[in-house]
Amino acid sequence: MATKNNVLARENRIMINEIKEDIKSIKFDLAKLTNHYSKRLPVWATILITILGSLSTGLIVAFVGG
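Quick caveat, the model's predicted, so the values are computed rather than measured. (Residues numbered from 1 in each chain as written. Predicted model: local features only at pLDDT ≥ 70, side-chain atom pairs only at ≥ 80, totals over all residues. Heavy atoms only, no water.)

Visitor: In this structure, what is going on with the overall build of the protein chain? I would like to understand it.
Guide: A count of helices and strands for the protein chain gives two helices and zero strands. Here the protein chain, with 66 residues, has 2% of them falling under the buried criterion. A total of about 6,300 Å² of accessible surface is found on the protein chain, and carbon and sulfur atoms cover 68% of it. (Helix = DSSP H or I, 4+ residues; strand = E, 2+ residues; numbered from the N terminus. Buried < 20%, exposed > 50% of the residue type's maximum accessible area, 1.4 Å probe, protein only. Areas by Shrake-Rupley, 256 points an atom, 1.4 Å probe, with all protein chains shown as cover.)

Visitor: What's the story with a nonpolar patch on the surface in this structure? I'm lost.
Guide: Taken together, the side chains of Trp 44, Leu 48, Leu 52, Leu 55, Leu 59 and Phe 63 make up a nonpolar region of the molecular surface, amounting to roughly 710 Å² of accessible area. Among the secondary structure elements, Leu 48 is positioned in helix H2 (residues 43-65). (Patch = residues over 30% accessible without salt bridge, like charges linked within 9 Å, V, L, I, M, F, W, Y side chains within 5 Å. Salt bridge = Lys/Arg side-chain N within 4 Å of Asp/Glu carboxyl O.)

As structure tokens, then:
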């Protein structure tokens, strides 16, 4: 019975250490993802580009079709 408990305790320690490593890798990946999204354009710039693109498309269609 004592041997069985020692084996279970050893397996639990191994699993806990593996879970700790997994959590560290998740934290690292999350930090990389956050840094990646922080380099995006600001919302105002995205809206401005969309408006200018729509305006230029509308003008092209108006002059070509008209």
